[in-house]
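# Structural characterization, general
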Amino acid sequence: MAAASPFGLTGRTALVTGANTGIGQGIALALAEAGATVIAAGRSDMGETQALITEAGGAGHALKVDLQQQGIAPRVIDQANDLAGPLDILINNAGIIRRADALDFSESDWDEVMNVNLKATFFLAQAFAKSAVDAGRTGRIVNIASLLAFQGGIRVASYTASKSGLAGLTKLLACEWAAKGINVNAIAPGYIESNNTQALRADPDRNDAILARIPAGRWGRPSDIGGAAVFLASDAAAYVNGAVIPVDGGWLAR
Ligand code: NAP
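Below: a short report on this structure. Note that this is a predicted model, so its numbers are computed, not measured.

### Section: the nonpolar core
Residues Leu15, Ile141 and Trp177 are the most contacted members of the largest nonpolar core, which totals 39 residues. Elements with a contribution of two residues or more to this core: strand E2 (37–42), helix H3 (73–84), helix H4 (107–134), helix H5 (157–177) and strand E6 (182–189). When residues in this core are grouped by element, the largest group, nine residues, is from H4. Discounting residues that sit within four places of it in the chain, leucine 15 has contacts with Ile39, Ala41, Leu63, Val76, Ile77, Ala80, Leu87, Ile89, Leu90 and Ile91.

Okay, structure coming up:
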């Protein structure tokens, strides 16, 4: 009999936040295709994602959660563990962006972005790691960062701060938890077709400028991020800790 692939996720359970659309949906589908049971979590209906998972022959569940809610993280992890757990994999994907010149940037646009992109991500990771360590289990955390963990960008002050913070947090958690068997890593997606980049793609000047710099010559698709997430969640990445991996069609190499 052939040995099981180290890239396979059969028998694992994954929680993916913001899985109804975009990159989260692409990751949820890729994990399910690799054999994981996927809990698609978010504030919107997960019907489309669940249908895609079922179509691919996978197993999925939905969990309603608004990550702006104070103190929500331990409840999310408990509910996910009850639904289809114990959890093996946490994908911190949910994220928002607000655009305004730094001179005009509002406090609410700062707080809302920080709450979802950084605060909820940290406390979900903490609750996930606590439940895994308490149960004597190992785990995988994959945070979805951004090229703006490496670059400044323009007109997205809270987004850049949150994603740069997320890269640092990924490394800190990797250092604290690697020896406990919890691998923490991040993916930095390039320019991906999703709701998040709708405004950029609709602006012909920005669209052309972005495309001109991408060596791969196209916008990324949510499915492009799925493969990296499967790798980081799998046994093949057992010795990968604290990495922030760009999946960007070569943007940063330029
Ligand atoms: P998207 O289509 O806008 O998806 C964002 C997801 O986050 C949606 O599922 C959204 O749910 C969810 N979300 C937002 N606020 C939430 C809250 N309070 N509670 C629960 N869920 C919430 O954008 P995307 O491009 O797929 O983004 C996914 C991740 O990739 C984000 O972290 C983003 O920063 C990151 N990223 C994207 C790009 C890109 O080029 N697209 C590049 C780098 C990094 P709703 O649909 O209900 O709003």
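Alright, that's what it looks like, and here's the rest.
### Some details on the environment of alanine 129
Inspection of the secondary structure puts alanine 129 in helix H4. Judged by its relative accessible area of 4%, alanine 129 is buried. The spacing of alanine 129 and leucine 173 is 44 residues in sequence and 9.8 Å in space, taken between C-alpha atoms. When sequence neighbours within four positions are dropped, the list of residues in contact with alanine 129 reads Trp177 and Ile182.

### What about unusual backbone geometry?
In the segment running from glycine 85 into proline 86, the intervening peptide bond is cis, with an omega of 0°. Mapped onto the elements of the fold, proline 86 is located in the loop between H3 and strand E4 (89–92). The backbone phi angle of arginine 155 is positive, close to 65°, even though this residue is not glycine. Inspection of the secondary structure puts arginine 155 in the loop between strand E5 (139–144) and H5. Judged by relative accessible area, which is 41%, arginine 155 ranks as partly exposed.

### Some words on the site of the ligand
Taken together, 29 residues are adjacent to the ligand, and Asn20, Arg43, Ser44, Tyr159 and Ser194 come closest. Note that a nitrogen atom of the ligand is positioned 2.8 Å from one of the side-chain N or O atoms of aspartate 66. Looking at the shell around the ligand, the elements that each hand over two or more residues are helix H1 (22–33) and H5. Residues belonging to the shell around the ligand are distributed by class as follows: 12 nonpolar, 14 polar and three charged.

The rules we used
Residues numbered from 1 in each chain as written. Predicted model: local features only at pLDDT ≥ 70, side-chain atom pairs only at ≥ 80, totals over all residues. Heavy atoms only, no water. Core = buried A, V, L, I, M, F, W, Y, C linked by side-chain atoms within 4.5 Å. Buried < 20%, exposed > 50% of the residue type's maximum accessible area, 1.4 Å probe, protein only. Helix = DSSP H or I, 4+ residues; strand = E, 2+ residues; numbered from the N terminus. Contact = heavy atoms within 4.5 Å. Near = heavy atom within 4 Å. Polar contact = N/O pair within 3.5 Å; in protein donor to acceptor, adjacent residues only side chain to side chain. Nonpolar A, V, L, I, M, F, W, Y, C, P; charged D, E, K, R; others polar.

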